[in-house]
Every structure is written in structure tokens, then in C-alpha cells.
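# Structural features, examined
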Amino acid sequence: MRVTTTVNGTEQSVDDVWPGESLLFLLRERLGLPGSKNACEQGECGSCTVYLDGEPVCSCLVAAGQAIGRDVVTVEGLAGGQALHPVQEAFVEAGAVQCGFCTPGLVVAAHDLLARVPSPSDLEIREALAGNLCRCTGYEKILDAVRLAATKQVQP
């Protein structure tokens, strides 16, 4: 099957996609976007989180065919050009990247939270990131990063 979808603002077409292929596989292996990570393949860890029509989803649970005609934004598409998005900058500045495997999913989840709740409470941050697992257990630095991003976001 042919999958034509818009990824990070650019229309992409991929041929010979098999019906059971995940959006994650399509993004990583066929389109060369390695930001979303393949970890649990069960939607448990959130490392593969991307936006699908503006809603965060675990791309390992979405069939590639479900993305036909839709808009996908990966962690690579959050920033414009070569500069990092402020949420990405905050993760670097706060030292919240540890091994980096979970970071893309956490960045997308934090980005989504801050788009909905510009100044979230700690409880709101924890709830928003509850679907993302960090195997390095560096959650305090991750929370610091989201707080920092929120602070930078509200500054003029």
C-alpha cells in the first residue's frame, strides 16, 4: 500500500507499506526520522510519542495506514530550522537528557502540556508525563526541565 502523509510540514509518500506496519517503523526506517524511539512496542513507555493531527500518540500503536492524509509531527519537527525548540533547550539546560532514549517522547509530551497549560503545577506536569518512562530514573531533572520551559515560555 502507498502511504501519503504530511510529516513535519512536508508531504511524504512511501510505497510498499504492509498493512501491519506501525507509524513508528514508517517514520524511523522508511523516512529516516530516528527521533521517536522504539522501546516497548506496546504503548507503555511513551518513547515513540508523536503528534497525529495535533494529538500526542504512541506511534508504535498506530498503523502506518492510519496516517494517510493526516499530519504527523515528530520531535524533529518541533523546532524551526537548526535551532532547538524552547522545550528542547530546557531539557538540555536542566540536564534532563540522561541517556536520551526517552527524551524525544518526553519532549513531545511536555510540548503538548505547555501548549495546553502554559504554567502547569507539579501535579499537572507529573500527570502529563505519566505515560513516559525514563529508565535512568532522572525524573527530577525532567520535571525541572518542564518547569524551566514553562518559565521561559511565559517570559516576554
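All values derive from a computational prediction rather than experimental measurement. Starting from 1, residues in each chain are numbered consecutively following that chain's sequence as written. Per-residue local features of the predicted model are confined to residues with pLDDT of at least 70, and side-chain atom pairs are confined, for both listing and counting, to 80 or more; whole-chain, interface and lining totals are unaffected and use all residues. Water and hydrogen atoms play no part in the side-chain values, which are based on all heavy atoms of the structure.

Turning our attention to the sheet that holds strand S1 (residues 3-7). Spatially, five strands are ordered S2-S1-S5-S3-S4 in an open sheet, and the strand pairing comes out mixed. In the strand order of this sheet, the two ends are held by strand S2 (10-14) and strand S4 (55-58), each with one partner. Adjacent strand axes in the sheet meet at a mean angle of 40° when their direction is disregarded. Alignment of strand S3 (residues 49-52) against strand S5 (residues 71-73), held across two bridges, turns out to be antiparallel. What sits directly across from Tyr51, in S5, is Val73. Note on contacts: a residue pair is in contact if any heavy atoms of the two residues lie within 4.5 Å. An axis is simply a line fitted to the C-alpha atoms; with a helix, the fit covers only the stretch in contact. Between two such axes, the angle follows the N-to-C directions and lies from 0 to 180 degrees. Helix and strand assignments follow DSSP, with helices taken as H or I runs no shorter than four residues and strands as E runs no shorter than two, numbered in order from the N terminus. Against the sheet, helix H3 (residues 103-116) contacts S3 and S4, and its axis sits at roughly 45° relative to S3. Only strands joined by at least two bridges in the DSSP assignment are considered to pair.

Turning our attention to the pattern of salt bridges. By salt bridge we mean one thing: a side-chain nitrogen of Lys or Arg within 4 Å of a carboxyl oxygen of Asp or Glu. Throughout the structure, instances matching the rule amount to nine salt bridges. Here Arg28 ties to Glu29 by a salt bridge, and the two come within 4.0 Å at their closest N and O atoms. Each residue is assigned to one of three classes by its accessible area relative to the maximum for its type, calculated with a 1.4 Å probe on protein chains only: buried under 20%, partly exposed between the two thresholds, exposed over 50%. Among the residues examined, Glu29 registers a relative accessible area of 51% and is labelled exposed. Taken together, the shared-partner salt bridges in this structure form one network comprising Asp122, Asp144 and Arg147.

A few words now on the layout of surface pockets. Points on a 1 Å grid over protein atoms alone make up a cavity when a 1.4 Å probe fits among them but cannot get out, and a pocket when they form an open set with protein on both sides within 12 Å along at least five of seven lines; lining residues each have an atom within 4 Å of a point. Grid points are joined across faces, edges and corners, and a volume is the space filled by probe spheres set on the points. When its volume is computed, the largest pocket comes out at roughly 160 Å³. Lining the largest pocket are Gly35, Val75, Glu76, Leu84, Gln88, Phe91, Val92, Val97, Thr103, Pro104 and Val107. Within the residue set of the lining of the largest pocket, elements represented by two or more residues are helix H2 (86-93) and H3.

When you line up the elements, Leu52 lands in strand S3. The exposure class assigned to Leu52 is buried, which follows from its relative accessible area of 6%. In the structure, Leu52 is positioned 21 residues away from Val73 in sequence and 6.7 Å away in space, judged by C-alpha atoms. With near-sequence residues (within four places) excluded, Leu52 lies in contact with Val57, Val62, Ala67, Arg70, Asp71 and Val72.

What follows concerns the domain arrangement of the chain. All the domain ranges listed were derived from an automatic or database domain assignment. Domain boundaries assigned for the chain yield domain 1 (3-77) and domain 2 (86-154). The straight-line distance from the C-alpha centre of domain 1 to that of domain 2 is 21 Å. Listed as interface residues are 13 residues of domain 1 and, on the opposing side, 14 residues of domain 2. When domain 1 packs against domain 2, close to 1,100 Å² is buried across both sides, 59% of that on carbon and sulfur atoms. By definition, the buried area sums, over both parts, the 1.4 Å-probe accessible area that each loses when the two are put together. It is Cys45, Tyr51 and Val75 that lose the most area in domain 1 upon contact with domain 2, and together they represent 42% of the buried surface on that side. On inspection of domain 1 and its partner domain 2, the count reaches zero salt bridges.

Quick look at the pairing of S1 now. Sheet faces and side chains relate simply in a regular strand, where the side chains alternate between the two faces. Residues Val3, Thr5 and Val7 point to one face of S1 and are all buried, whereas Thr4 and Thr6, pointing to the other face, are not buried. Here five bridges tie S1 to S2, and the two strands are oriented antiparallel to one another. Directly across from Thr4, in S2, lies its bridge partner Ser13. In sequence, S1 turns back onto S2 through a hairpin of two residues, with Asn8 there showing a positive phi of about 50°.

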